[in-house]
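Each chain, written out:
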2 protein chains.
Amino acid sequence: MKVSVVKNILQANDRIADLNKQLFDEKQILTINVMSSPGAGKTSLIERTIVELKNDYRIGVIEGDIQSTQDAEKIAATEVPVVQINTGGACHLDGNMIRETLGQFNLDEIDLLIVENVGNLVCPAEFRMGEDFKIMLLSVPEGDDKPLKYPLMFHEASVLLINKMDLLPYVSCSPERIRQESLKINPALTIFEISATGDHGLYDWYDWLRQKISIKKMS
Amino acid sequence: MKVSVVKNILQANDRIADLNKQLFDEKQILTINVMSSPGAGKTSLIERTIVELKNDYRIGVIEGDIQSTQDAEKIAATEVPVVQINTGGACHLDGNMIRETLGQFNLDEIDLLIVENVGNLVCPAEFRMGEDFKIMLLSVPEGDDKPLKYPLMFHEASVLLINKMDLLPYVSCSPERIRQESLKINPALTIFEISATGDHGLYDWYDWLRQKISIKKMS
């Protein structure tokens, strides 16, 4: 009984996610769903990415949080349109939450839509929202055993950003082990080692994103 | 409709949690439910705590993970009885999962039962398992904005361990802000600043735990 309820919820979500995807395709908006544990660096990464790309592309942001508008306020300071979703307890964003916010953007004037999911390495991976790519962060203080323990997100992601590389000298973590275990779960995963508060590796990430935006514009 | 399903699940869980609690009380077993984001240091804290206390008390451990037995293997090396629960995708432990494992312990020979929950700062806080105390960890690399963003766990916890204090010089985080924001949500919260891989603050935590075990034995 419980399983069938869950299955129905996921199927209903997939239908709405498909509608979102159609709309994003029609408007040629590249949409990324950024996910990680709490405090792995999603907001910092998004801030840096906006500052780097906003002169070349029109960017919109959806900020997901259980409550509070702290992250949305940080993003608003970058002067791109941002909408906050407060889930009121729910541990992930879903297709319908995204759909409900889209009326607050002028979709004809967006090239890149960045969605910051609720901080959670488990549940957000189960819910599509119509995104082109799922992007996940894992920060080195979290440790190198995470792919084996939380495999679904590593399986679903297109890009893994190994963040906080500047802390590597002070923690027990092997990025090489993260890389190997992640690729066992998902051989197609693109992996960048970065420091979202420094410059380490960010240019490779920006290049990846620029390329995907260009491809979307040509589609 | 969805809300009522969720409410029924929580009520059913509470009934089982109450049964567990009765059993733990009857057997005078102090039970703690250890929760945090992935990689905040739960397993390291539990390992250290066992090594410190195992000569004085009889300890049992339940390890919750989505999959893999890595953490249970680490705990088994401390030579206390440990049972692994693999949730197979579920993002939290619940009362029934705990109930199902209890047959694998000799409850007449346990003073302290430590349950390590799935790494997740959101969902585990919603599900009681019959524990005496919810213990949460927040590690300083996660940042000092977490109480405001994930308030339920801070509200439900009896103890907050601010972990990885050794990394404080290298990250942007104010333990004082964590303390203030946490106490606004939960004025009864006991807070210790620790380093689970060093010695920082651990003796205060051990003392707290010894005291609670003694009280339980006298109940």
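In case you missed it, the structure is sitting above this.
Structure report, in brief. Just so it is clear, the model here is predicted, and its values are computed rather than measured. (Residues numbered from 1 in each chain as written. Chains lettered and ligands numbered in written order. Predicted model: local features only at pLDDT ≥ 70, side-chain atom pairs only at ≥ 80, totals over all residues.)

### Some details on helix α2 (residues 42–53) of chain B
Step number 1: Across its 12 residues, α2 of chain B extends 16 Å between first and last C-alpha, which sits within 8% of the 16 Å expected from 1.5 Å per residue.
Step number 2: When α2 of chain B is considered as a whole, its buried residues turn out to be K42, T43, L45, I46, R48, T49 and I50 of chain B. (Helix = DSSP H or I, 4+ residues; strand = E, 2+ residues; numbered from the N terminus. Expected span 1.5 Å × (residues − 1). Buried ≥ 20, exposed ≤ 12 C-beta atoms within 10 Å, placed from the backbone.)

### Observations regarding the pairing of strand β4 (residues 112–116) of chain A
Residue and element names in this part refer to chain A.
Step number 1: Burial runs high along β4: 5 of the 5 residues are buried.
Step number 2: Burial along β4 is two-sided: the residues L112, I114 and E116 and L113 and V115 are all buried.
Step number 3: Pairing geometry for strand β1 (residues 30–35) and β4, over 5 bridges, is parallel. Bridging across to β4, T31 finds its partner in L113.
Step number 4: The pairing of strand β2 (residues 59–65) with β4 spans 5 bridges and is parallel. When the sheet's bridge partners are listed, I59 is paired in β4 with L112. (Pairing = 2+ DSSP bridges.)

### As for the relation of the copies chain A and chain B
Step number 1: Mapping chain A onto chain B calls for a rotation angle of 180 degrees and an axial translation of 0.0 Å; the resulting RMSD is 0.0 Å. Expressed as an axis order, the relation between the two copies is that of a two-fold axis.
Step number 2: By residue overlap, the copies meet face to face through one surface: 100% of the interface positions of chain A are interface positions in chain B. (Least-squares fit on C-alpha atoms with pLDDT ≥ 70 in both. Contact = placed C-beta atoms within 7 Å.)

### Let's talk about the packing of helix α2 (residues 42–53) of chain A against helix α8 (residues 202–218) of chain A
All names here are of chain A.
Step number 1: Put simply, α2 and α8 touch, their axes get as near as 11 Å, and they point 65 degrees apart. Here α2 runs over α8; the crossing is right-handed. Between α2 and α8, the residues in contact are R48, T49, E52 and L53 and L202, Y206 and L209, respectively.
Step number 2: Looking at the contact of α2 with α8, its residues break down into 4 nonpolar, 1 polar and 2 charged. (Axes fitted to C-alpha atoms, helices over the stretch in contact; angles between N-to-C directions. Left-handed = near helix turned anticlockwise from the far one by under 90°. Nonpolar A, V, L, I, M, F, W, Y, C, P; charged D, E, K, R; others polar.)

### Digging into unusual backbone geometry
In most cases, non-glycine residues show a negative phi, while peptide bonds are predominantly trans.
Step number 1: Despite not being glycine, Q28 of chain A has its phi angle at roughly 55 degrees, a positive value.
Step number 2: Owing to 15 C-beta atoms within 10 Å, Q28 of chain A belongs among the partly exposed residues under this scheme.
Step number 3: Phi is positive for S68 of chain B, close to 80 degrees, though the residue is something other than glycine.

### Description of the pairing of strand β6 (residues 159–163) of chain A
Residues and elements named next belong to chain A.
Step number 1: Taken across its 5 residues, β6 has 4 buried, putting it largely inside the fold.
Step number 2: Across 5 bridges, strand β5 (residues 133–139) lies against β6 in parallel orientation. Among the inter-strand pairings, M136 is bridged to a residue of β6, identified as L160.
Step number 3: By the bridge criterion, 4 bridges tie β6 to strand β7 (residues 190–193) in an arrangement that is parallel. Within β7, the residue paired with V159 across the bridge is T190.
Step number 4: Assessed by its sense of winding, the connection that carries the chain from β6 through helix α7 (residues 175–185) to β7 is right-handed. (Right-handed = clockwise from strand over helix to strand, strands pointing away.)

### A look at the interface of chain A and chain B
Step number 1: At the interface, 31 residues of chain A touch 31 residues of chain B.
Step number 2: Here the side of chain A that touches chain B gets 3 residues from one element, more than from any other, and that element is helix α5 (residues 146–149) of chain A.
Step number 3: The class makeup of the residues in the side of chain A that touches chain B is 15 nonpolar, 10 polar and 6 charged.

### Some words on the environment of A40 of chain A
Residues and elements named next belong to chain A.
Step number 1: Within the element layout of this structure, A40 appears in the loop between β1 and α2.
Step number 2: Note: C-alpha distance between A40 and L152 (112 residues apart in sequence) is 17 Å.
Step number 3: If sequence neighbours within four positions are ignored, A40 has contacts with L137, L138, S139, E142 and N163.

### Considering the environment of R58 of chain A
All names here are of chain A.
Step number 1: Mapped onto the secondary structure, R58 falls in the loop between α2 and β2.
Step number 2: Judged by C-beta crowding, with 16 C-beta atoms within 10 Å, R58 ranks as partly exposed.
Step number 3: Along the chain, R58 and T101 lie 43 residues apart, while their C-alpha atoms are 17 Å from each other.
Step number 4: Leaving out residues up to four positions away in the same chain, R58 has contacts with E109, I110 and D111.

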